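Residues per chain, in single letters:
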Amino acid sequence: MSIIAPTYDQVLDLPASLVRTVPADFIDENGHMNIGRYLELGGTALWRRCQDELGMPADYITTRGLSTFTAEHHLTYVSEMLEGEEASVHVRLVERSAKVLHAVSIIVNTTQQRLACVMESTTVHMDMTLRRPAPFPDDVAALLDAGLKADDMAWPAPVSGSMGVRRSR
């Protein structure tokens, strides 16, 4: 399946959760950024947004006994990133249920002003004592809902269609 990719300018409607210059150690034998580094950048940006804006700060595990686990990823590569180029990662929340968040981390090459990669993910909210899925607390759920509303852009979220929030029947 292919995604409907937003334009570079559309992605900039979302704030950057992470900005990073591609260092030499991100480059593989093909002379461009290694696939694992796209996952690293996308995951770090989503984690930062959860910590900074969505009520799950760095001490979330120790103070509340809660966290999130990634359940699934889907990466779509659009253009390569080279050493020294600047990447910015823009996280768009797509949907949530009581225990699951579906989001995309859109990586753009700001040096070349083009889309580089879309990392789609689902994360499951976890009770770390039981190590089982648990509902988002009311305060976190309210922040997620506000984030979903803020991320409701005029352009469709670049999702694969192969994953997302599954609803029980």
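As a reminder, the structure under discussion sits directly above these lines.
Residues numbered from 1 in each chain as written. Predicted model: local features only at pLDDT ≥ 70, side-chain atom pairs only at ≥ 80, totals over all residues. Heavy atoms only, no water.

K.L.:
Would you mind going over helix α4 (residues 138–150) with me for this structure?
P.N.:
The end-to-end C-alpha distance of α4, which contains 13 residues, comes to 18 Å, matching closely the 18 Å that a straight helix rising 1.5 Å per residue would cover. Restricting attention to buried positions, one finds in α4 the residues Val-140, Ala-141, Leu-144, Gly-147 and Leu-148. Angular distribution of buried residues about the axis of α4 spans 120°; they occupy a single face of the element. Facing away from the buried side of α4 by over 90 degrees, the exposed positions are Asp-138, Lys-149 and Ala-150. (Helix = DSSP H or I, 4+ residues; strand = E, 2+ residues; numbered from the N terminus. Expected span 1.5 Å × (residues − 1). Buried < 20%, exposed > 50% of the residue type's maximum accessible area, 1.4 Å probe, protein only. Arc of directions from axis to C-beta.)

K.L.:
Sorry, what's going on with the environment of Gly-84 here?
P.N.:
By secondary structure assignment, the location of Gly-84 is in the loop between β2 (66–77) and β3 (86–96). Note: C-alpha distance between Gly-84 and Val-159 (75 residues apart in sequence) is 28 Å. Filtering out sequence-adjacent residues up to four positions away, Gly-84 remains in contact with Thr-21 and Val-22. (Contact = heavy atoms within 4.5 Å.)

K.L.:
Just to check I follow, could you spell out the environment of Val-100 for this structure?
P.N.:
Inspection of the secondary structure assignment puts Val-100 in strand β4 (residues 100–109). When its relative accessible area of 18% is taken as the criterion, Val-100 is described as buried. A C-alpha to C-alpha distance of 6.1 Å links Val-100 and His-125, two positions 25 residues apart in sequence.

K.L.:
For this particular structure, what's the right way to read the pattern of salt bridges?
P.N.:
Side chains that carry opposite charge are capable of pairing whenever their charged atoms lie near each other. In total, this model carries six salt bridges according to the counting rule given. Residues Arg-49 and Glu-53 are paired through a salt bridge, measuring 3.1 Å at the closest nitrogen-oxygen approach. With a shortest N-O distance of 2.7 Å, Arg-49 and Asp-151 are connected by a salt bridge. With Arg-49 in helix α2 (residues 35–52) and Asp-151 in the segment after α4, the pair connects residues that are 102 residues apart, well separated along the chain. The residues Arg-49 and Asp-151 share a single accessibility class, namely buried. Three or more residues joined by partner-sharing salt bridges are found here, namely Arg-49, Glu-53 and Asp-151. (Salt bridge = Lys/Arg side-chain N within 4 Å of Asp/Glu carboxyl O.)

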